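If you want the building blocks of each chain, they are given just below.
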Amino acid sequence: MLSAGFAAGASAQDGERITVEGEIIDTWCYYSGVMGGPDAVVGSAHHTCALWCSAGGIPVGLLTPEGEVYMVLKLPGTDQLAGGDTALNLASHTVTAEGLAYERDGLRYILVETVVSDQDITNLNHEDYGVVPGFAIPDDAVEQ
């Protein structure tokens, strides 16, 4: 739920204070499709991979229920950008975040100032996809 939108005519330099709810996602797998479609690269089925990607420096995003993605540039409690170990405790979690949002060239960004609520992992799709979805295992890795 987006409780504050972008003001009409706001420039890229002007941050808009927003409160937004969504799942902290692994942006590489979400955008590249390398691990399957959008439903398979979120939630508990993708949690382990999301940890690996975040630890490896892949930027995290915040995916709203409406399908909008905010690239998370910063999380509270650190001077670091939101990559590496800074996002490990939030991977795949549904959160409500407050911060400054920016938009440029059709991309949304957020500097999270406060995580208002952390609901943990609410998308329990591992029941549908398994802990490691079958499509995520290369064909040449499967014994015939």
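Summary of the structure given here. (Residues numbered from 1 in each chain as written. Predicted model: local features only at pLDDT ≥ 70, side-chain atom pairs only at ≥ 80, totals over all residues. Heavy atoms only, no water.)

### Remarks on the pattern of salt bridges
Pairing is possible between side chains of opposite charge, provided their charged atoms come close.
Thinking step 1. In this structure the tally under the stated criterion is three salt bridges.
Thinking step 2. Of the charged contacts, one joins Arg17 and Glu113 as a salt bridge, the two residues approaching to 2.4 Å between their closest N and O atoms. Taken as a pair, Arg17 in strand β1 (residues 16-26) and Glu113 in strand β5 (residues 107-118) lie far apart in primary sequence, 96 residues in all.
Thinking step 3. You can call Glu113 partly exposed: its relative accessible area is 39%. (Salt bridge = Lys/Arg side-chain N within 4 Å of Asp/Glu carboxyl O. Helix = DSSP H or I, 4+ residues; strand = E, 2+ residues; numbered from the N terminus. Buried < 20%, exposed > 50% of the residue type's maximum accessible area, 1.4 Å probe, protein only.)

### Details of the side chain of Thr27
Thinking step 1. Positionally, Thr27 belongs in helix α1 (residues 27-32).
Thinking step 2. What makes Thr27 buried here is its relative accessible area of 6%.
Thinking step 3. At a separation of 2.5 Å, a polar atom in the side chain of Thr27 contacts the main-chain carbonyl oxygen of Pro59. (Polar contact = N/O pair within 3.5 Å; in protein donor to acceptor, adjacent residues only side chain to side chain.)

### Concerning the pairing of strand β3 (residues 69-74)
Thinking step 1. Pairing geometry for strand β2 (residues 60-63) and β3, over three bridges, is antiparallel. The partner of Leu63 across the bridge, within β3, is Val69.
Thinking step 2. Connecting the antiparallel pair β2 and β3 is a turn made up of five residues, with Gly67 showing a positive phi of about 90°.
Thinking step 3. One ladder, built from four bridges, connects β3 with β5; its direction is parallel. Its bridge partner being in β5, Lys74 is matched across the sheet by Leu111. (Pairing = 2+ DSSP bridges.)

### Considering the layout of surface pockets
Thinking step 1. When its volume is computed, the largest pocket comes out at roughly 170 Å³.
Thinking step 2. Forming the walls of the largest pocket are Glu21, Gly22, Glu23, Pro38, Asp39, Val42, Leu63, Thr64, Pro65, Thr94, Thr122 and Asn123.
Thinking step 3. The leading source of residues in the lining of the largest pocket is β1, at three residues.
Thinking step 4. For the lining of the largest pocket, a count of residues per class yields four nonpolar, five polar and three charged. (1 Å grid on protein atoms, 1.4 Å probe; cavity = no way out; pocket = protein on both sides within 12 Å on 5 of 7 lines; lining within 4 Å. Points joined across faces, edges and corners; volume = space filled by probe spheres on them. Nonpolar A, V, L, I, M, F, W, Y, C, P; charged D, E, K, R; others polar.)

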